[in-house]
Amino acid sequence: MSIVLLTGFDAFGGESLNPSWLAVKALHGRRVLGHKTVAAQLPTVFDASLPALQALLVEHKPALVICVGQAAGRGALSLERVAINVNDAPIADNAGTQPIDTPVVQGAPAAYFTGLPIKAMLAALRREGIAAEVSQTAGTYVCNHVFYALMHTLTTNPALRHTRGGFVHVPWLPEQGTPSMALDDIVRGLRVCVRSALKVQEDQLLGAGATQ
């Protein structure tokens, strides 16, 4: 059975939980359009997150990968458009590391676009009444670090040439502060994202840009 790999992060920045992990864990083992969903937790650590992701890709050889992270200050599921080749950490990671202006992958391209049909996913989420947006930046912290490395690996590894991948940011849970989204809605939204990404091969044309 083909695998859909979903990753979330452990808690960081003084938080006691991370909704990205709670949400993907809730989808672990579910079947979506004939695919088995596998959830895994990545450490919020620059140096450790990529080996963990690479091991998961080798083990599962997934048809689809959606990495998920927490974005405080956002009130919608954010479908990330682009990953950039820079680490510029505003706070230290969980190992106390704080890289500034270093590349994710030395000598690699400046950026990669997502491999997900984010406009079709956006439309599907809105039909389900789930707050969603296309985001033009995944930041420069561990989330972007993982997003960039994922896209670089899928682009350069022939064994994964048929794997699609990308990144989604989710809001805080209500107990963490505002803006927020209930965990059930985040889980439902991620399931919609998975279904749409599996069904849609060519993304639709839908305005979702930003003026700033």
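Residues numbered from 1 in each chain as written. Predicted model: local features only at pLDDT ≥ 70, side-chain atom pairs only at ≥ 80, totals over all residues. Heavy atoms only, no water.

Trainee: Hey, could you run me through the environment of W21 in this one?
Mentor: Topologically, W21 is positioned in helix α1 (residues 19–27). Those residues within four positions of W21 in sequence are excluded, and the remaining contacts are G8, F9, A39, A40 and Q41. (Helix = DSSP H or I, 4+ residues; strand = E, 2+ residues; numbered from the N terminus. Contact = heavy atoms within 4.5 Å.)

Trainee: When you look at the sheet that holds strand β3 (residues 35–42) in this model, what are you seeing that I'm missing?
Mentor: Think of a sheet as strands paired side by side through backbone hydrogen bonds, with each pair either parallel or antiparallel. Sheet architecture is open: seven strands sit in the order β2-β3-β1-β4-β11-β5-β10, paired in mixed fashion. Edge positions in the sheet fall to β2 (31–32) and β10 (132–135), since each of these pairs with one other strand and no more. In the sheet, strand β1 (residues 3–9) pairs with β3 via seven bridges, with the strands oriented parallel. Within β3, the residue paired with I3 across the bridge is K36. Strand contacts of helix α5 (residues 183–199): β1, β2, β3, β4 (64–70), β5 (77–80) and β11 (164–170), with the helix running at about 150° to β4, the strand carrying the most contacts. (Pairing = 2+ DSSP bridges. Axes fitted to C-alpha atoms, helices over the stretch in contact; angles between N-to-C directions.)

Trainee: Quick question: what am I supposed to make of helix α2 (residues 46–60) here?
Mentor: Structurally, the α-helix is built with 3.6 residues per turn, so residues lying three or four positions apart point the same way. Counted at 1.5 Å a residue, the expected span for α2 with its 15 residues is 21 Å, and the 22 Å between its end C-alpha atoms agrees. Within α2 the residues assigned to the buried category are F46, S49, L50, L53, L56, L57 and H60. End-on, the buried residues of α2 take up no more than an arc of 125°, which puts them together on one face. Facing away from the buried side of α2 by more than 90 degrees, the exposed set consists of D47, P51, V58 and E59. (Expected span 1.5 Å × (residues − 1). Buried < 20%, exposed > 50% of the residue type's maximum accessible area, 1.4 Å probe, protein only. Arc of directions from axis to C-beta.)

Trainee: Help me understand the pairing of β1 in this model?
Mentor: Burial within β1 is extensive, with seven of its seven residues counted as buried. Inspection of the sheet shows β1 paired to β4 by four bridges, in the parallel sense. Bridge assignment links L5 to a residue of β4, and that residue is V65.

Trainee: Honestly, the pattern of salt bridges in this entry has me stumped. Any pointers?
Mentor: Any two side chains of opposite charge can pair, given that their charged atoms come close. A full pass over the atoms with the stated rule returns two salt bridges. We note a salt bridge from R188 to D185, for which the minimum N-O separation is 3.4 Å. Here D185 and R188 lie together in helix α5, a separation of three residues that amounts to about one turn. You can call R188 partly exposed: its relative accessible area is 34%. Note on D185: relative accessible area 29%, which makes it partly exposed. (Salt bridge = Lys/Arg side-chain N within 4 Å of Asp/Glu carboxyl O.)

Trainee: What exactly am I supposed to notice about the side chain of S20 here?
Mentor: Here S20 shows up in helix α1. Only 2.7 Å separates the side chain of S20 from the side chain of N18, close enough to count as a polar contact. Apart from residues no more than four positions distant in its own chain, S20 is found in contact with G8, F9, V68, G69, Q70 and V170. (Polar contact = N/O pair within 3.5 Å; in protein donor to acceptor, adjacent residues only side chain to side chain.)

Trainee: Explain the state of the cysteines to me, please; I cannot follow it from the model alone.
Mentor: Defined simply, a disulfide is a covalent bond joining two cysteines at their sulfur atoms. Applying the stated criterion across every chain yields a total of zero disulfides. In this structure C143 is a free cysteine whose sulfur lies 9.3 Å from that of C67, the closest cysteine sulfur available. A residue is classified by how much of its surface remains accessible, and C143, at 9% relative accessible area, is buried. (Disulfide = S-S within 2.5 Å.)

Trainee: Explanation requested: the side chain of E80 in the structure shown.
Mentor: Topologically, E80 is positioned in strand β5. A distance of 2.8 Å separates the side chain of E80 from the side chain of S135, its partner in a polar contact. Only 3.4 Å separates the side chain of E80 from the backbone nitrogen of A138, close enough to count as a polar contact. Not counting the four nearest positions on each side in its chain, E80 is found in contact with R74, T114, I118, S135, T137, A138, F147, F167 and H169.

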